[in-house]
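Descriptive analysis of the structure
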Amino acid sequence: MTLPLPFFVYGTLRPGEPNHDAFLRGRTRAEERGRLTGAVLYDGPGYPYAVEEPGGVVTGDLITPLPEAYDELLTALDRLEEYAPGNARNLYERVSREVVRDADGATLRAWVYVAAPAVAARLRARGKRIEGGDWRARG
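The paragraphs below set out a description of the structure included in this document. (Residues numbered from 1 in each chain as written. Predicted model: local features only at pLDDT ≥ 70, side-chain atom pairs only at ≥ 80, totals over all residues. Heavy atoms only, no water.)

To continue, consider the pattern of salt bridges. Pairs may arise between side chains of opposite charge once their charged atoms sit close together. The tally for this structure, following the rule as stated, stands at twelve salt bridges. The closest approach of N and O atoms between D21 and R25, which form a salt bridge, is 2.6 Å. Assessed through its relative accessible area of 43%, D21 is described here as partly exposed. R25 sits in the exposed class, given a relative accessible area of 57%. Here D104 makes a salt bridge to R101, at a shortest N to O gap of 2.8 Å. D104 gets classed as partly exposed once you look at its relative accessible area, which sits at 47%. Each of the salt bridges in this network shares a partner with another, and the network as a whole consists of R14, D61 and D134. (Salt bridge = Lys/Arg side-chain N within 4 Å of Asp/Glu carboxyl O. Buried < 20%, exposed > 50% of the residue type's maximum accessible area, 1.4 Å probe, protein only.)

Written out as structure tokens, the structure is:
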């Protein structure tokens, strides 16, 4: 059984972005601004990748699903991110990380989809980093 943690989203799943309506509308109890420390953002083909790196900060939103929608949503998001536990071809890995909620500075544990190790290595070598860590503010 997977712990029912909130999700930290930083790209197309953020409120106002295309996948928010497709996957999250009507399935959430709370959507709050937040920050993931220890990661930086890289631009991907229409979506970003968070790459774990000390000193970095990524801006996004903490999404708390409705309890009755949690299992279905977890499955749908894993499929969207093409994440399968233990698959060496994953583009993303779903990991549990500490996230800071902007409203009160509280630290919460949340699921975050970060670049899988092989993808992260390629991005570090020749990817386009999004300065400031906010995908919406990319130039």
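This part is about the pairing of strand β2 (residues 28–43). In terms of strand pairing, β2 meets strand β3 (residues 48–65) through 14 bridges, oriented antiparallel. Bridge pairing in β3 links T28 to P65. Count of turn residues in the β2/β3 antiparallel hairpin: four residues, of which G46 carries a positive phi of about 95 degrees. Two strands pair when backbone bridges link them, and β2 and strand β4 (residues 92–101) are joined in this way by three bridges, in the antiparallel orientation. Counted as the bridge partner of L36 is V99 from β4. Both β2 and strand β6 (residues 128–130) contribute to a ladder of three bridges, which runs antiparallel. Pairing of Y42 across the sheet is with R129, part of β6. (Pairing = 2+ DSSP bridges. Helix = DSSP H or I, 4+ residues; strand = E, 2+ residues; numbered from the N terminus.)

Another aspect to go through is the nonpolar core. Formed by 39 residues in total, the largest nonpolar core has its most connected members in F7, F8 and Y10. Elements with a contribution of two residues or more to this core: β1 (7–9), α1 (18–24), β2, β3, α2 (70–80), β4, β5 (107–115) and α3 (117–126). When near neighbours in sequence (up to four residues on either side) are disregarded, F8 contacts G34, R35, L36, V58, T59, G60, D61, L62, V99, A110, W111 and V112. (Core = buried A, V, L, I, M, F, W, Y, C linked by side-chain atoms within 4.5 Å. Contact = heavy atoms within 4.5 Å.)

All quantities given are derived from atomic positions and should not be read as evidence of function.
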